[in-house]
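# Fold and contact review
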Amino acid sequence: MRILIVEILGDIVDDIVESMGGKPVVCRSGHSYIKDKMRQENAVYGGEMSAHHYFREFSYCDSGMIPWLLVLELMSEEGKTLSALMQERIDRYPVSGEINSKVKDAAEVLARIEAEYGKTGKISKVDGLSVEYDNWRFNLRKSNTEPVIRLNVETRHDKALLEEKTAELLEKIMPYLTEKERDLARRARNIPTSSARRIDRALHSSATSLEVTVGYNYMHDKSRYKDICSLMEKIIDFNSFCV
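Description of the structure in this document.

As a general point, the strands of a sheet are linked pairwise by backbone hydrogen bonds and lie either parallel or antiparallel. Read from one edge of the open sheet, 5 strands run E2-E1-E3-E4-E5, paired in mixed fashion. The open sheet is flanked by strand E2 (23–27) and strand E5 (61–62), the only strands paired with a single partner. Looking at chain direction, strand E1 (residues 2–6) and strand E3 (residues 45–47) are connected through 3 bridges and run parallel. Looking at E3, one finds that Ile5 is bridged to Gly47.

Below you can see the structure in the form of structure tokens.
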């Protein structure tokens, strides 16, 4: 049974697929690439970081309803919350989540990072640049749809190392940002800086595009920032929300 995964995802997915007798097949991100690869490999499922889920029995098409129902079924059978079901995986393979940076020259950033980290790590270029070490790995790639590069970092049982390597890589990307963008990145992301932190550290660890929206309005439109925070409190139960 073949399961298609994007290269952004590492051991956190490979491990569980192999433990259940499956074979992980790596593919680059993007629905056209995934659908073609699934047909070539006769894969039963394909998934992306962006929460797109593709099923062979659904004509290789993307569906949000199918995984939602499958997860609800699993929660009902196990009698556990989603956070409880996920916690073991989160602890075993801490991940940064996808961190986006708008840069002036994405190709140059990738080349510089490869030149530095490729000397000591194992390189793969199925989708952007992936470099793997014994106890951590990262993927850095250009977006297919936006003028940004996307960074994902994963470690094995080591949250401290995750924070260290994520901050290290982001600092190397910083010189390629404009001054305004560097200021935004330092305020919105958990990078060591002399400036006061603008968001809670725990909240940052799972932030994606919401980070940009909240961070930008915090600096440019305090009234809108308060409106967004108020809306979030109404629609999200942060005590039970998982990741």
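Take the pairing of strand E9 (residues 136–142) next. With 6 of 7 residues buried, E9 lies mostly within the body of the structure. Turn length for the strand E8 (residues 129–132)-E9 hairpin, with the two strands adjacent in sequence and antiparallel, is 3 residues. Counting the residues between successive antiparallel strands, the hairpin from E9 to strand E10 (residues 149–155) contains 6 residues.

Attention shifts here to the packing of aromatic side chains. The final tally for this structure, using the stated rule, is 5 aromatic pairs. A centroid spacing of 6.3 Å and a plane angle of 80° characterise the contact between Tyr117 and Trp136, whose relative ring orientation is edge-to-face. Taken as a pair, Tyr117 in helix H5 (residues 106–117) and Trp136 in strand E9 lie far apart in primary sequence, 19 residues in all. Its relative accessible area of 5% is what places Trp136 among the buried residues. Taken together, Tyr117, Tyr133, Trp136 and Phe138 form an aromatic cluster joined through their ring pairs. The lysine or arginine in question, Arg28, covers the ring of Tyr33, its NZ or CZ lying 4.1 Å from the ring centre.

What counts, and at which threshold
Residues numbered from 1 in each chain as written. Predicted model: local features only at pLDDT ≥ 70, side-chain atom pairs only at ≥ 80, totals over all residues. Heavy atoms only, no water. Pairing = 2+ DSSP bridges. Helix = DSSP H or I, 4+ residues; strand = E, 2+ residues; numbered from the N terminus. Buried < 20%, exposed > 50% of the residue type's maximum accessible area, 1.4 Å probe, protein only. Phe/Tyr/Trp six-rings, centres within 6.5 Å; stacked < 30°, edge-to-face > 60°. Lys NZ or Arg CZ within 6 Å of the ring centre and 35° of its normal.

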